[in-house]
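So you can see what is in the structure, the chains are spelled out below.
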Amino acid sequence: MHHIEARACIQTGKYGTEVGCFRNGIELPLDERTIAHHLADSGYQVGYVGKWHLASTRGEANYRTEPVPPIRRGGYRDYWVASDVLEFTSHGYDGYLFDDQMNKVEFEGYRTDRVTDFALDFIEKGNKEEKPFFLMLSHIEPHHQNDRDQYEGPEGSKERFKDYQVPGDLQDTKGDWRENYPDYLGCCNSLDNKLGRIMDKLEELGIDDNTVVIYTSDHGSHFRTRNGEYKRSCHEASIRIPMIAYGPGFTGGKEISELVSLLDVPSTIMSAAGVEQPDYMQGRPLQQLASGDVEDWREEVFLQISESQVGRAIRTDRWKYSVQAPHKNGADDPTSTVYVEDFLYDLENDPYEKNNLAEDADYVEIRKDLANRLKRAMESAGEETPTILPYGSEVE
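All of these numbers come straight from a predicted model, not from anything done at the bench. (Residues numbered from 1 in each chain as written. Predicted model: local features only at pLDDT ≥ 70, side-chain atom pairs only at ≥ 80, totals over all residues. Heavy atoms only, no water.)

A. Representation of the overall build of the chain within the structure. The helix and strand tally for the chain stands at 11 helices and 12 strands. Within the chain, the proportion of its 396 residues that are buried is 54%. Long-range pairs, those at least 24 residues apart, make up 63% of the contacts in the chain with a sequence separation of at least 6. As displayed, the chain has an accessible area near 18400 Å², and 44% of this comes from carbon and sulfur atoms. (Helix = DSSP H or I, 4+ residues; strand = E, 2+ residues; numbered from the N terminus. Buried < 20%, exposed > 50% of the residue type's maximum accessible area, 1.4 Å probe, protein only. Contact = heavy atoms within 4.5 Å. Areas by Shrake-Rupley, 256 points an atom, 1.4 Å probe, with all protein chains shown as cover.)

B. Expanded view of the environment of arginine 224. You can see arginine 224 is positioned in the loop between strand 6 (213–215) and helix 8 (236–239). Setting aside residues up to four positions removed in sequence, arginine 224 forms contacts with Asp149, Gly175, Asp176, Glu229 and Tyr230. In this structure the side chain of arginine 224 is engaged in a polar contact, spanning 3.2 Å, whose partner is the side chain of tyrosine 230. (Polar contact = N/O pair within 3.5 Å; in protein donor to acceptor, adjacent residues only side chain to side chain.)

C. Here's a closer look at the state of the cysteines. Counted according to the given criterion, the structure contains zero disulfides. Cysteine 9 supplies the cysteine sulfur nearest to cysteine 21, a cysteine that is in no disulfide, at a spacing of 9.2 Å. A relative accessible area of 0% places cysteine 21 in the buried class. Its sulfur unpaired, cysteine 187 is 6.6 Å from the next cysteine sulfur, which belongs to cysteine 188. (Disulfide = S-S within 2.5 Å.)

D. Structural detail: the packing of aromatic side chains. If you walk through the whole model with that rule in mind, you get 20 aromatic pairs. Aromatic side chains tryptophan 52 and tyrosine 76 sit 5.8 Å apart centroid to centroid with 75° between the ring planes, which places their arrangement in the edge-to-face category. You can see tryptophan 52 sitting in the loop between strand 1 (45–51) and strand 2 (79–83) and its partner tyrosine 76 sitting in the loop between strand 1 and strand 2, a full 24 residues away along the chain. With respect to burial, tryptophan 52 and tyrosine 76 carry one shared label: buried. Members of the aromatic cluster, joined through ring pairs, are Tyr151, Tyr164, Tyr181, Tyr184, Phe223 and Tyr230. Here lysine 14 stacks its cationic end above the ring of tyrosine 280, 4.8 Å away from the centre of that ring. For the cation-ring pair, lysine 104 lies above tyrosine 96, with the distance from its terminal atom to the ring centre recorded as 4.1 Å. (Phe/Tyr/Trp six-rings, centres within 6.5 Å; stacked < 30°, edge-to-face > 60°. Lys NZ or Arg CZ within 6 Å of the ring centre and 35° of its normal.)

Here it is, written out as structure tokens:
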């Protein structure tokens, strides 16, 4: 749902609470099998470039500015140029990562350019080998730069993107988007350009028609319009992220509107590699949607919200329903057995989520139905079935 949870999901195909990574500052357990392990066992070269964010535990092991030892790299054993927390070892311009021998690799220039250089290096090396390759490239952009508390697009972004159209969900809100949005767009534009460099390299090597490329994110940003930070909320700006897939199984230029989850990403990668998905993975290969031969696709996406709260939500085609545990602390508590209704949005009539219906008497039955669906989703993620109380309820 945000950084570590989302990253743990993508690596393992499990929910954050199942892995134990329910908030930032919890390492990926050493006994978890990741997509890298599965693919390596099936003859793939596996490489990782960029931000890892799964090696450090708050108050214990801290690799945030240190090299990540091999045992904590989630099975990415053939190529590694990464930093556990890339925004602590670099800024929009200049910084360092670490290579597979734990040596510091310094770089100059805009971060997405240099990180992409390492990815291209792996693709060139990997293509010379007899074995197929799998690379995960993890940019930090368009995240804000933590220690400076601002978004850092390439120089000139403020001027280049100053005439942007204000997204509907940001209109008439406070937040800090006014000073940050041009740089945010600069980051996004830079990422698009770097993807272009990667596609050009695949084409140059003659492997573009035999390589699956998935381009997505771990979370969005609401620019402090919903709470005091950027992404830990149920709102579309936080949870609805772009995804583009290209290559075998993903051709023909389709736009697909079904509800998909980050849990589907590992399933999709395994399917593309022809590797059988283990039973514990709950996602489904997106190739099924792309080919159009699936009838029983999910009706909702389940969300675990942590750190800012202990929250749970579902997003259906029409509704957004979110609950939280007011007596719990999002930094300490992974789950709760009691939640209170927090948000209900009718996305059909209120796509920008301006009108919270959580205490509207006309929607009691809708909330009841959504509460039951949310409970079922929580059970399927291995959580205890909770009690959900009406909006405003006091909890001891």
